Amino acid sequence: MKKTTIARLLPAALLALGSATASAAGFQLLEQNASGIGNAYAGSAAVAENASTIFFNPAGMTQLQAREISLGVAAVRPSFEFKNRGSVGGALSGNGDDAGDWAAIPNAYLSWALNKDLYLGVGIGAPFGLVTDYGGKWVGAAQATKFEIETININPSLAYRVNDKVSLGIGLNWQRMEAQYERVVGIAPGALSASTAKLDVDNDAWGWNVGALFTLSPSTKVGVSYRSKVEHKLKGDVKVSGPSALLNAAGSSDSDVDVDLPDTFIVSTTQKLSDRWEMLGDLSWTGWSSIKKVDIERTSGPLNGQIAQTLHTEFKDTWRVALGANYKLDDAWKLKFGIAFDQTPVRDKQRRLVSLPDNDRTWFSAGAQWKVSKTNTLDLGAAYLYVPKTKIDNNQITANPLTNRGRVTGEYDSSVWILGAQYSMAF
């Protein structure tokens, strides 16, 4: 009994730390360290400047000192402000609150040299996350009032130095995912618009990652890495509450949701131009097409076996390109700069969800690194993500009042701020 309680409480505690709002396109979180923020994560699979390389490329551990620990946190503030342009909401109205808010993304890494060529490491982070909260009823409340995704990822890893030019890395990933989705039942006046439905599901799953680091010369490094899909079979329940007792009884049930979180591939490079200047580059691909639709299936009650709702995501695969530069002021201080373009997996305004009003984004980043001592380093970074006007025209009007969720037509004013700090220490 005690063991079962601990097994349940530990993931819950980690998820409480890992709760976050998406900053990269889709609901991916790039903030697996804060030291990369200043470069807009350019060179992520090749930098290997602290133990957080475990996430981006485990092969990078061979570039570290014998034992290193790295702890960081990023504070993310997205903004999603909706402006109505002719939506059909029936009994529902209003633009809702700004659907974004501040959230924290922590990370922790430990790297340990077993001998001069073999390294063991472990990392803890939150690679996916999302919170959109409209603060209650609004014109699109029958499509969503709140949507939240939380993950925690524990990543034990190994790295091996083949020779002075080539290092290889591999890792396993245990991942916990929890999701909550809330909406008004329907737009019709009366019991439907006064009732709410809430989905609450969770799951544990496994994935893997590999990487390679090539030291082409003392001034040039190239890194490649791949993280697998993680197939989640989420289980939980959907509960309907409101003025209609009949609706509550028929609508509440156990539920299953299958989601395949996407795989990613990264190619990175770092190039020293002089004693002071260094350039960094990154090209990454994310397989968002693994999420074509999300079926919420009832697994108990009078409607057992029926689909309660389908979220028609129909995501497309995406690319991200980033360029960065570092300038060494002196032996203690380094300045960091970066710019990146990040594609959205959302295909068009008709398939844009109010729970994920995502669009392409451009990163503008800057940061600084302070070598406190030979074994201690502090990184600080800040980024502003420019998001163009985001149009939506999601039509879920049907003849059936139980499935009529209205039509949300309008645009979002969106942006994201990211602030982060990372402390790394060798011992």
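Right above here is the structure, for reference.
Residues numbered from 1 in each chain as written. Predicted model: local features only at pLDDT ≥ 70, side-chain atom pairs only at ≥ 80, totals over all residues. Heavy atoms only, no water.

J.: Let's hear about the environment of Gly72: which residues, and what values?
T.: Among the secondary structure elements, Gly72 is positioned in strand E1 (residues 67-84). Accessibility expressed as a relative area gives 12% for Gly72, which makes it buried. For the pair formed by Gly72 and Gln32, sequence separation is 40 residues and the distance between their alpha carbons is 8.5 Å. Discounting chain neighbours no more than four positions away, the residues touching Gly72 are Ile105, Pro106, Asn107, Ala421 and Gln422. (Helix = DSSP H or I, 4+ residues; strand = E, 2+ residues; numbered from the N terminus. Buried < 20%, exposed > 50% of the residue type's maximum accessible area, 1.4 Å probe, protein only. Contact = heavy atoms within 4.5 Å.)

J.: Tell me about the layout of surface pockets, and please be specific about residues and values.
T.: Each pocket or cavity is described by its volume, and for the largest pocket that value is around 890 Å³. Together, 40 residues line the largest pocket, and Glu49, Lys272, Glu278, Lys334 and Gln369 are the ones closest to its centre. Its residues assigned to classes, the lining of the largest pocket comprises 11 nonpolar, 15 polar and 14 charged. Of the voids in this model, the second largest pocket is the one considered here, and its volume is about 460 Å³. Residue lining of the second largest pocket: 23 residues in total, with Arg183, Gly251, Arg298, Ala308 and Leu402 positioned closest to the centre. Only strand E6 (166-184), strand E7 (196-217), strand E9 (230-241), helix H3 (245-251), strand E13 (294-298) and strand E14 (307-311) provide two or more residues apiece to the lining of the second largest pocket. A per-element tally of the lining of the second largest pocket places H3 first, with four residues. (1 Å grid on protein atoms, 1.4 Å probe; cavity = no way out; pocket = protein on both sides within 12 Å on 5 of 7 lines; lining within 4 Å. Points joined across faces, edges and corners; volume = space filled by probe spheres on them. Nonpolar A, V, L, I, M, F, W, Y, C, P; charged D, E, K, R; others polar.)

J.: Break down empty space enclosed by the protein for me, with residues and values.
T.: Here the structure, examined in full by the defined rule, presents six cavities of 30 Å³ or more. What lines the largest cavity is a set of 32 residues, and nearest its centre among them are Gln28, Phe55, Arg227, Thr264 and Ile266. Tallying contributions element by element places strand E12 (residues 277-286) first for the lining of the largest cavity, with four residues. In this model, the second largest cavity occupies a volume close to 240 Å³. As for the second largest cavity, its lining consists of 22 residues, and the residues nearest its centre are Phe147, Ile149, Val259, Val294 and Leu311. Within the residue set of the lining of the second largest cavity, elements represented by two or more residues are strand E5 (146-161), E6, E7, strand E10 (253-261) and E13. The residue makeup of the lining of the second largest cavity, split by class, is 19 nonpolar, three polar and no charged.

J.: Quick one: what's the story with a nonpolar patch on the surface, residue by residue and with numbers?
T.: Together, Trp112, Leu114, Leu120, Leu158, Ile170, Leu329, Trp333, Trp370, Val372, Tyr423, Met425 and Phe427 give the surface a local cluster of nonpolar side chains, amounting to about 1,100 Å² of exposed area. Within the secondary structure layout, Phe427 lies in the segment after strand E20 (406-426). (Patch = residues over 30% accessible without salt bridge, like charges linked within 9 Å, V, L, I, M, F, W, Y side chains within 5 Å. Areas by Shrake-Rupley, 256 points an atom, 1.4 Å probe, with all protein chains shown as cover. Salt bridge = Lys/Arg side-chain N within 4 Å of Asp/Glu carboxyl O.)

J.: How would you summarise the pattern of salt bridges if you had to cite specific residues and measurements?
T.: Tallied over the full model, the rule gives 22 salt bridges. The salt bridge involving Glu49 is made with Lys336; its shortest N-O contact spans 2.9 Å. Taken together, the residues Glu49 in the loop between helix H1 (2-18) and helix H2 (53-56) and Lys336 in strand E16 (residues 333-342) connect sequence positions 287 residues apart. Between Lys336 and Asp379 there is a salt bridge, with its nearest N and O atoms 2.9 Å apart. Of the two residues, Lys336 sits in strand E16 while Asp379 sits in strand E18 (residues 376-386), which places them 43 residues apart along the sequence. In this structure Lys336 comes out as buried when scored by relative accessible area, which is 1%. For Asp379, a relative accessible area of 1% gives the class buried.

J.: Kindly report on the environment of Lys389, identifying the contributing residues and their values.
T.: Position of Lys389 among the secondary structure elements: in the loop between E18 and strand E19 (390-396). The class for Lys389 is partly exposed, based on a relative accessible area of 48%. In this structure, the C-alpha to C-alpha distance between Lys389 and Pro243, residues 146 residues apart in sequence, is 38 Å. In this view, Lys389 contacts Lys83, Asn359, Glu411, Tyr412 and Asp413; residues no more than four positions away in its chain are not counted. Polar contacts involving the side chain of Lys389 include one to the side chain of Asp413, which spans 2.3 Å. (Polar contact = N/O pair within 3.5 Å; in protein donor to acceptor, adjacent residues only side chain to side chain.)

J.: Outline the side chain of Arg352, supporting the account with residue identities and numerical values.
T.: Note on placement: Arg352 falls in the loop between E16 and strand E17 (361-371). For the buried Arg352, no salt bridge is present, and the opposite-charge side chain at shortest range is Asp358, 6.8 Å distant. Within the structure, the side chain of Arg352 is placed 2.7 Å from the backbone oxygen of Asp358, a separation counted as a polar contact. Sequence-distant contacts of Arg352, that is, excluding residues within four places in its chain, are made with Val346, Pro357, Asp358, Asn359, Thr390, Lys391, Ile392 and Asn394. (Lys, Arg positive; Asp, Glu negative; His and termini not counted.)

J.: If you had to explain the packing of aromatic side chains to someone new, which residues and values would you point to?
T.: This model, assessed by the stated rule, comprises 16 aromatic pairs. Taking the centre distance of 5.3 Å and the plane angle of 50° together, the rings of Trp208 and Tyr226 count as tilted. Separated by 18 residues along the polypeptide, Trp208 in strand E7 and Tyr226 in strand E8 (residues 220-227) bring together distant segments of the chain. Overall, the relative accessible area of 42% leaves Trp208 in the partly exposed class. (Phe/Tyr/Trp six-rings, centres within 6.5 Å; stacked < 30°, edge-to-face > 60°.)

J.: Which residues make up the pairing of E17, and what values do they have?
T.: In terms of strand pairing, E16 meets E17 through 10 bridges, oriented antiparallel. By the bridge assignment, Asp342 is partnered in E17 with Arg361. As paired elements, E17 and E18 share 10 bridges and run antiparallel to each other. Across the sheet, Ser365 pairs through a bridge with Ala383, a residue of E18. The hairpin turn running from E17 into E18, its antiparallel successor, is four residues long. (Pairing = 2+ DSSP bridges.)

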